[in-house]
Amino acid sequence: MENWTQWVATAQELVTRLGLNLIAALVIFWLGQWIAKLAARTARRLMARQNIDPILVNFTGSLIYYSGLAFVVIAALNRLGVQTASLIAVLGAAGLAIGLALQGSLSNFAAGVLMLIFRPFRVGDFIEGGGTLGTVESIQLFTTTIVTPENAAVIVPNSKLGGDNITNFTARPIRRVETLVGISYGDNIEQARRAILDEIASDRRILTDPAPSVSVIELADSSVNLQVWVWANTPDFLAVKLALPEAIKTRLDAEEISIPFPQQEVYMFQKN
């Protein structure tokens, strides 16, 4: 009877201790989860105020929440008497194995995060990077979608963009348009320059500041080459670049200034 009483008392003590530990673990889990949610919400709010990309905002908030939740679960299990040291070691080894297996994906992810933070380009920009030329359609954490001028969608890994030069053609409000015009050696250079500048002035898409310029750049074999530089707003760049050579050719024809083509004179001698 005495042993039974002692066993009951021991059982009551164990149940009481287990119950208290269980209550403490639940309190730790509930309080820790609330703190993790609060930290994630605060981080999202602060990042949103800095106009950071929503994709990065949501990812950072989720990362903070689940990282905090992992610590909370470990603390709650430890309060219940579970040996968490071995659990942490197993999770660390699993994380290392997963990291090695997903090395390429993690590289793309890291490059995507850096691009979302530093913003070398935005959605809608016309860029050249990673061997692709086109308009940026979307920027994800692992890949960037670029639509080429032929309307083909190219999905480029972010690590390829981050590890290569990126040319952003729409980063500046204005761009310079260049074209090369050749006139014959018999034509008057100043007359050709005035005709070209007059034709440039008739196009309202071409800016007057910076001023257009027409300069002799080369005395070639068959022509005197004039370098024409004009500036246009970035949205008008392509239209001006395509229209300028035709407009100059039409004006030079009207001024009776010839544009020579390469030619060779061959002399034949007859041997007596």
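Chains are numbered independently. Their residues run from 1 in the order of the written sequence. Where local features are concerned, this predicted model is filtered to residues with pLDDT of at least 70; where side-chain atom pairs are given and counted, the filter is 80 or more; whole-chain, interface and lining totals use all residues. Side-chain descriptors were evaluated using all non-hydrogen atoms of the structure, hydrogens and water having been removed beforehand.

(A) Seen up close, the sheet that holds strand E7 (residues 213–219). Pairs of strands are assigned from DSSP output, requiring at least two bridges between the strands. Each helix corresponds to a stretch of at least 4 residues labelled H or I by DSSP, and each strand to a stretch of at least 2 residues labelled E; elements are numbered beginning at the N terminus. Pairing within the open sheet is antiparallel, and its 3 strands lie in the order E6-E8-E7. Each having just a single partner strand, strand E6 (174–183) and E7 make up the two edges of the open sheet. For this sheet, the mean inter-axis angle between neighbouring strands, taken without regard to orientation, is 25 degrees. With 6 bridges connecting them, E7 and strand E8 (residues 224–233) associate as antiparallel partners. The residue bridging Leu 219 from the neighbouring strand is Val 224, located in E8. Residue contacts are defined here by distance: any two heavy atoms, one from each residue, within 4.5 Å place the two residues in contact. The angle between two axes is taken between their N-to-C directions and runs from 0 to 180 degrees, where each axis is a line fitted to C-alpha atoms and a helix contributes only its stretch in contact. Of the strands in this sheet, E6, E7 and E8 are in contact with helix H6 (residues 189–201), which crosses E8 at around 20 degrees. Those strands touched by helix H7 (residues 237–254) are E6 and E8, and its axis lies near 25 degrees from that of E6.

(B) Structural detail: the layout of surface pockets. Considering only enclosed or pocket space, the largest pocket measures out at about 200 Å³ in volume. Taken together, Phe 126, Phe 169, Thr 170, Arg 175, Thr 234, Pro 235, Phe 237, Leu 238 and Lys 241 make up the full set of residues lining the largest pocket. No other element matches the 3 residues that H7 contributes to the lining of the largest pocket. Residues were grouped as follows: Ala, Val, Leu, Ile, Met, Phe, Trp, Tyr, Cys and Pro as nonpolar; Asp, Glu, Lys and Arg as charged; and all remaining residues, including Gly, as polar. A breakdown of the residues in the lining of the largest pocket according to their chemical character gives 5 nonpolar, 2 polar and 2 charged. Cavities and pockets are defined on a 1 Å grid built over the protein atoms alone: a cavity is a set of grid points where a 1.4 Å probe fits but cannot escape, while a pocket is an open set with protein on both sides within 12 Å along at least five of seven lines, and lining residues are those with an atom within 4 Å of any such point. Grid points are joined across faces, edges and corners, and a volume is the space filled by probe spheres set on the points.

(C) Molecular detail of a nonpolar patch on the surface. Surface patches are drawn from residues lacking salt bridges whose relative accessible area is over 30%; two like charges belong together within 9 Å, two nonpolar side chains (Val, Leu, Ile, Met, Phe, Trp, Tyr) within 5 Å. Using the Shrake-Rupley algorithm and a 1.4 Å probe, accessible areas are obtained, with residue cover drawn only from the displayed protein chains. By salt bridge we mean one thing: a side-chain nitrogen of Lys or Arg within 4 Å of a carboxyl oxygen of Asp or Glu. Together, Trp 30, Leu 31, Trp 34, Ile 35 and Leu 38 give the surface a local cluster of nonpolar side chains, amounting to about 540 Å² of exposed area. Following the sequence through the fold, Trp 34 ends up in helix H1 (residues 2–49). Any residue under 20% of the maximum accessible area for its type is buried, any over 50% is exposed, and the rest in between are partly exposed; the area is computed with a 1.4 Å probe on protein chains only. For Trp 34, a relative accessible area of 48% corresponds to the partly exposed category.

(D) The packing of aromatic side chains, seen in detail. A pair of aromatic rings is counted whenever rings of Phe, Tyr or Trp (Trp by its six-membered ring) have centres within 6.5 Å, and the orientation is called stacked for planes under 30 degrees apart, edge-to-face for over 60 and tilted otherwise. With the rule as written, the count across this model stands at 1 aromatic pair. Ring geometry for Phe 126 against Phe 169: centres 5.7 Å apart, planes inclined by 50 degrees, an arrangement best described as tilted. With Phe 126 in strand E1 (residues 126–129) and Phe 169 in the loop between strand E5 (167–168) and E6, the pair connects residues that are 43 residues apart, well separated along the chain. The ring of Phe 237 carries the charged tip of Arg 175 above its face, separated from the ring centre by 3.7 Å. Only Lys NZ and Arg CZ are tested; either one counts as a charge over a ring when it is within 6 Å of the ring centre and within 35 degrees of the ring normal.

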